[in-house]
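Architecture at a glance
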Amino acid sequence: MDWSPAAALAIGFPDPARDAELLSRARRTASGGWVMQLTDAPLDLDNPAHLDALKRAYERFPEIGGRVAP
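I will try to describe carefully the structure that is included in this document. The structure displayed is predicted, hence computed values, not measured ones.

1. Regarding the environment of S4
Among the structural elements, S4 can be located in the loop between β1 (2-3) and α1 (5-11). Assessed through its relative accessible area of 39%, S4 is described here as partly exposed. Of the polar contacts made by the side chain of S4, one reaches the backbone nitrogen of A7; its length is 3.1 Å.

Here you go:
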């Protein structure tokens, strides 16, 4: 996942109280945005562990994909 500073602010990332696991896999970009790796290997939707990581990310950030009422 790759978010600009404005996108990260809009979705509330990072929240140190909730995002410790995600922050361990995230890095700040030169422009102040964030890049986050959900899994060690490339994302494989046939891998149940990868699918679970993606599901947790979508649960944490319901704003992604417009799953929150405006």
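2. A short note on the sheet that holds strand β2 (residues 26-28)
In spatial order, the strands read β1-β3-β2; together these 3 strands make up an open sheet with antiparallel pairing. The open sheet terminates on both sides in strands that have one partner only, identified here as β1 and β2. Bridge analysis of β2 against strand β3 (residues 34-36) gives 3 bridges, and the strand direction is antiparallel. Within β3, the residue paired with R27 across the bridge is V35.

Rules behind the numbers
- Residues numbered from 1 in each chain as written.
- Predicted model: local features only at pLDDT ≥ 70, side-chain atom pairs only at ≥ 80, totals over all residues.
- Heavy atoms only, no water.
- Helix = DSSP H or I, 4+ residues; strand = E, 2+ residues; numbered from the N terminus.
- Buried < 20%, exposed > 50% of the residue type's maximum accessible area, 1.4 Å probe, protein only.
- Polar contact = N/O pair within 3.5 Å; in protein donor to acceptor, adjacent residues only side chain to side chain.
- Pairing = 2+ DSSP bridges.

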